[in-house]
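# Overview (structure and organization)
Letter by letter, the chains look like this.
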Amino acid sequence: MATNNEHIPTVRYRMTDDWSGPIKNLMHTMALVGSGEGVAHLQRLQFAMDTNAKKVIHDAGVATQGKAREIERANVGGKKSGYVPTGNLMRSIEAHDSSGGMQTEIAPQAMSKKDYEYGQAVEFGTKKMAAEPFMKPAGDAIGNSLNETARKALKQASEEA
């Protein structure tokens, strides 16, 4: 997987959980003063925040995977570079969630018959082939709106809890 091969073009999205600590501290205080209802509300809030955050990250990974595949299929290969697309590179672009759903990595996994990751050659180019980026444009397209999407999802979680 791309985690151990930093030369593979990879898009990563991660959300940092900055809400659990304050919510747990508040739950502790509510429990000390005997507000079981307040604790229950904060537990629902914690669950909603976690669920929505993981959904945002997962959905961003899936959307980036789709966009990268779309760009690779439409723009890569042909006369420009000499690379003849077979569809293997496009099909190999996958999103993998990790860190309990708070991170996702999207990368091409295609290998040549000589055990070479050719997503790297296509994305960055070689001495003989011009670069034809597909991962960076996909990451930029989805990533540009990710902060706003996350903000809205977490706000919605706090309103529904």
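Residues numbered from 1 in each chain as written. Predicted model: local features only at pLDDT ≥ 70, side-chain atom pairs only at ≥ 80, totals over all residues. Heavy atoms only, no water.

## Points about helix α6 (residues 146-160)
With 15 residues, α6 extends 21 Å from end C-alpha to end C-alpha; this agrees with the ideal 21 Å at 1.5 Å per step. Looking only at α6, the buried set comprises Leu146, Ala150, Ala153, Leu154 and Ala157. Angular distribution of buried residues about the axis of α6 spans 95°; they occupy a single face of the element. What points out from α6, more than 90 degrees from its buried face, is the exposed set Lys152 and Glu159. For α6, the secondary structure elements touched by its buried residues are β1 (11-14), α2 (36-75) and α5 (135-143). (Helix = DSSP H or I, 4+ residues; strand = E, 2+ residues; numbered from the N terminus. Expected span 1.5 Å × (residues − 1). Buried < 20%, exposed > 50% of the residue type's maximum accessible area, 1.4 Å probe, protein only. Arc of directions from axis to C-beta. Contact = heavy atoms within 4.5 Å.)

## A closer look at the nonpolar core
Tyr13, Met15, Trp19, Phe134 and Met135 are the most contacted members of the largest nonpolar core, which totals 36 residues. Taken together, the elements giving at least two residues each to this core come down to β1, α1 (20-32), α2, α4 (118-124), α5 and α6. Per-element accounting of this core gives the leading share, 11 residues, to α2. Excluding its chain neighbours within four sequence positions, the residues that come into contact with methionine 15 are Ala53, Val56, Ile57, Met102, Ala150 and Leu154. (Core = buried A, V, L, I, M, F, W, Y, C linked by side-chain atoms within 4.5 Å.)

## Some points on unusual backbone geometry
Notably, serine 99 is not glycine yet its phi reads approximately 55°, a positive angle. Looking at the secondary structure, you find serine 99 in the loop between β2 (93-98) and β3 (103-108). By relative accessible area, serine 99 is classed as exposed at 52%.

## Focus: the sheet that holds β1
As summarised here, the arrangement of the 3 strands in space is β1-β3-β2, forming an open sheet in which the pairing is antiparallel. On the outer flanks of this sheet lie β1 and β2, each paired with one strand and no other. For this sheet, the mean angle separating the axes of adjacent strands, direction not counted, is 15°. Taken together, the 4 bridges between β1 and β3 define a ladder with antiparallel strand orientation. Paired with valine 11 across the bridge in β3 is isoleucine 106. Helix-sheet contacts for α2 involve β1, β2 and β3, and the interaxial angle to β2 is about 165°. (Pairing = 2+ DSSP bridges. Axes fitted to C-alpha atoms, helices over the stretch in contact; angles between N-to-C directions.)

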